[in-house]
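Below are the chains, spelled out letter by letter.
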Amino acid sequence: MATIDTRASGLTKQEPLWKRYVPGHHWRTQDDEFDAAKIGIWLFLATEVLLFSGMFCAYAVFRMLYPEAIAAGSGYLDWRFGGINTVVLLISSFTIAMAIRNVQLNQQKWATINLSITWLCAAGFLAIKFIFEYGPKWAEGKRIGNLFSYPYASTDHEHIWWSIYYMATGVHAAHVLIGMGLIAWLIYRQRKGAYGPTHYTMMEGVGLYWHIVDLVWIFLFPLLYLVH
Amino acid sequence: MTTVDRALDHAHDDHHDVPYLTGKGGPIATVWDWMTTVDHKKIGVMYLFTVLFMFFLGGVAALMLRIELFEPTRQTAAGITGAAFAGGEGSSVGGVGKFYNTVMTLHGAIMVFMFIVPGIPASLGNFFLPLQLGAKDVAFPRLNLASWYVYVFGSFFGVYVILTGGIDTGWTFYTPYSTSTEGQPQVVAMILAVFILGFSSIFTGLNFIVTVHKLRAPGMGWFDMPLFIWAIYATSIIQVLATPVIGVTFLLMLFERLFQIGIFDPGLGGDPVLYQHFFWFYSHPVVYVMILPAMGIISEVLAVHSRKRLFGYRAIAFSSLAIAAVSFLVWGHHMFTSQGELAATIFSALTFLVAIPTAVKVFNWIATLYKGSIALTTPMLYALQFLFLFSIGGLTGLPLGALSTDLHLHDSYFVVAHFHYVMFGGTVIAFLAGIHHWWPKMFGRMYNEFWAKIASGLVFVGFNVTFFTQFFLGTQGMPRRYASYVDEFTTLHQISTVGSFVLALGFVVHLFVFIHSLIVGERAGQNPWGGLTLEWETDPIPLEHNFRHEPIVKHGPYDFESVVPPGCDEKDFPLPPQDEVRTVH
Ligand code: HEM
Ligand SMILES: [Cu+2]
């Protein structure tokens, strides 16, 4: 493994940021710092999975308690919008992985392009969600909790279906929103030259986070849209 | 990946070589320095003071409860506690009863979520985990500071709830009561508080796990780690894996409260038992978040103050992990009365499993003491108290884990006594042992041993008088969470209340001992107890960067029979004659 010594190799301010990166004072090597960050991210992802597992649990319980309400509820959802959004997220997962590959190879222009596509996909996901799904449903009175006022509900417990639907997809959408913020930050930093072959910790971390957001949707989609 | 070697980057580090307590010029600069510090030692000290403050708040609430319970009827304590208890007509929900429920809830919620859960890991753990590992800091120092701010922010909501009248749901927030009782902003604030505090817990746990994996000193393998670290490591795993579940539970609860989403509220078609499952899926593992760090402290204190190699090092280390694992499988024992028979039977059987690794620890500790040269210092006194009290707490868990007996004892004072024996007799007592054990290292001064022992005696007597009586109350049928009771229970309740004031007096004496030590305490040397773990290799008050040179581990943490403690004279800590030394490893 090659060792770059920032001073001995005479790197100056003209060098890109990633070459000038110095790990925190308490780390022995930059590799250690990178590994640590990665373990940290994985642990964080575990907490995310557990967070959503609570919602999945609630879903399972109410599916058991009120199968008709859940069946009726998912009947209201249009699988085509869910399907398109699934594809959109899958593409974004691919492009963010590519962006990480790009910085590893120092293809900065491609990294920007791939990150931007990722960001646009995320925005597209939310746009579809809000314009074609939340919006019309909310207008018809298919709302959360005590705001529920849909007059044609066919079963007794439909409001619970909508509660679960809004809670699960809402928390997921919040994650997408946070992801958009993070990716925007990545684009900004990456344009400044912060990430390159020897230093891309943030990219890796956000990338992993984005994959988990994607993965959660992969489970939400069939459970909410496809299973009746 | 290539590596930037940072050894060359050290020229600027010299100004960090001052004791971490040294001020930064003026008072404002010093305060600013503390508020923005990423030094794990300062964060640990800040945590220590904040959790102790919360302990004080919770303690005041506890004394109020005990005063009210001095008499079987509700109004009589009015003269002592002021108009509040006497306010109502004695009806079952309004007035006095309501106020009692409020104080009880504040006591429970503060003690559990704001004191005992963050307690040891965030204060002593923060300070000593990196030191014992021989590291300069935790893996993510800024996350560490963030965790403290999040903790303070979360607790702020708790204090807000107190100041605006409190809530009366009990610390368990069971639905449907918690979704229907009045006091909307307060209930929401308290739930939000716990939700936010969860993040601080996760931050700390995550940070510690990574630190243990990546920042051990050269030469320190997993089985060269002090047992305190093993304990904190196991604790952290629970924190990271259990806390998100309470997070989503309270998120749903928040929406239940604000929008009646109908997931937990049976009136809307929701399932209150689902809430109980969620709640205990977190809250049972979390009792091990409370006790495991305490067990870690006990391992350290017993070994150092009896100058004995810990008996069964690996057994103790692995039992911490075993406890962490099993703790996720037994939550149903809090709900024996609200689930099916088969589930209850399975949960009961699994519950007994927990007792095994716990007992492994206790036996190993006792075996450690055998033939040790025991110094009856305050930490050691507390450690001995722990063995005694925690055993009572653990053993009384068994009748609660057995279905037939629990049906009788459930929701009675027996449960109250049980968990106070484990949480107070276990965790708080061990916390006190740890604070005294590490006090010289944290503040560079000794405390007054004589008065500290007096205080510890008062705590011991006060605690037992307060809570042992409650086992009898419980078996005789006194239910928990009631402000009034039938006359037959009067004597036992009064003994208990008197005990609680002896206990409080013990803490007051402790407080004076600490203040006295901080102001005029005798300067402590580098290693007053002759410990062998790495924190004792630092300066009397550790430097900002902890160690003068990166430590290299050459001996085990408990090799008392063959190693002269760092910074100590051999005549103070004589080694046994070499022919007596058996090499164990
Ligand atoms: C041998 C180990 C233990 C066993 C078998 C055990 C068993 C039990 C059982 C069955 C209950 C439920 C009683 C009921 O509500 O009817 C209970 C309650 C409780 N235990 Fe333990 N326990 C053990 C150790 C601990 C430890 C180490 C702690 C904390 C440090 C703890 C804290 C609690 C608390 C806080 C409650 C009451 C919760 C509430 O309802 O408010 N226990 N225990
Ligand atoms: Cu339990």
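As a reminder, the structure under discussion sits directly above these lines.
Below: a short report on this structure. (Residues numbered from 1 in each chain as written. Chains lettered and ligands numbered in written order. Predicted model: local features only at pLDDT ≥ 70, side-chain atom pairs only at ≥ 80, totals over all residues. Heavy atoms only, no water.)

## A short note on the packing of helix α16 (residues 449–475) of chain B against helix α17 (residues 490–520) of chain B
All names here are of chain B.
At step 1: Where α16 meets α17, the axes come as close as 7 Å, and the angle between the chain directions of the two elements is 160°. Taken together, the axis directions place α16 and α17 in an arrangement best described as roughly antiparallel. Crossing of α16 over α17 shows left-handed handedness. (Axes fitted to C-alpha atoms, helices over the stretch in contact; angles between N-to-C directions. Helix = DSSP H or I, 4+ residues; strand = E, 2+ residues; numbered from the N terminus. Parallel < 35°, antiparallel > 145°, perpendicular 65-115°, else oblique. Left-handed = near helix turned anticlockwise from the far one by under 90°.)

## Thoughts on the site of ligand 1
Residue and element names in this part refer to chain B.
At step 1: The environment of ligand 1 is made up of 20 residues, and the closest members are Asp406, His410, His418, Phe419 and Arg480.
At step 2: In the model, an oxygen atom of ligand 1 is placed 3.1 Å from a nitrogen or oxygen of the Trp171 side chain.
At step 3: Of all the secondary-structure elements, those providing two or more residues to the shell around ligand 1 are α10 (272–306), α13 (378–401) and α15 (413–443).
At step 4: Counted by class, the shell around ligand 1 contains ten nonpolar, eight polar and two charged residues. (Near = heavy atom within 4 Å. Polar contact = N/O pair within 3.5 Å; in protein donor to acceptor, adjacent residues only side chain to side chain. Nonpolar A, V, L, I, M, F, W, Y, C, P; charged D, E, K, R; others polar.)

## Focus on the coordination of the iron atom of ligand 1
Under perfect tetrahedral coordination by four donors, a metal shows angles of 109.5 degrees; under perfect octahedral coordination by six donors, it shows angles of 90 or 180 degrees.
Residues and elements named next belong to chain B.
At step 1: Just one protein ligand coordinates the iron atom of ligand 1, and it is His418 (NE2) at 2.2 Å.
At step 2: In this structure, the iron atom of ligand 1 is positioned 4.6 Å from the copper ion (ligand 2).
At step 3: On the secondary structure map, His418 appears in helix α15. (Donors = N, O, S within 2.8 Å, 3.2 Å for Na, K, Ca; no water.)

## Topic: the coordination of the copper ion (ligand 2)
At step 1: For the copper ion (ligand 2), the full set of protein donor atoms is B:His284 (ND1), B:His333 (NE2) and B:His334 (NE2), at a range of 1.8 to 2.0 Å.
At step 2: Taken in chain order, the donor set of the copper ion (ligand 2) reads H-x48-H-H.

## Regarding the layout of surface pockets
A water-sized probe rolled over the atoms picks out the places where empty space is left.
At step 1: Size it by volume and the second largest pocket reaches roughly 1600 Å³.
At step 2: Counting only elements with at least two residues in the lining of the second largest pocket, the list comes to α1 (17–20), α2 (30–65), α6 (158–191) and α7 (201–226) of chain A together with α6 (141–163), α8 (184–214) and α9 (227–259) of chain B.
At step 3: Residue contributions to the lining of the second largest pocket peak at eight residues, all from α2(A).
At step 4: Here the residues of the lining of the second largest pocket are counted per class, giving 33 nonpolar, twelve polar and four charged. (1 Å grid on protein atoms, 1.4 Å probe; cavity = no way out; pocket = protein on both sides within 12 Å on 5 of 7 lines; lining within 4 Å. Points joined across faces, edges and corners; volume = space filled by probe spheres on them.)

## Quick word on the interface of chain A and chain B
At step 1: Counting from both sides, the interface comprises 52 residues of chain A and, opposite them, 47 residues of chain B.
At step 2: Carbon and sulfur atoms make up 68% of the surface buried where chain A meets chain B, a total of about 4400 Å² over both sides.
At step 3: Connecting chain A to chain B are three salt bridges.
At step 4: The partner of A:Asp35 in a salt bridge is B:Lys214, and the shortest N-O contact between them spans 3.2 Å. (Contact = heavy atoms within 4.5 Å. Buried area = accessible area lost by both parts, 1.4 Å probe. Salt bridge = Lys/Arg side-chain N within 4 Å of Asp/Glu carboxyl O.)

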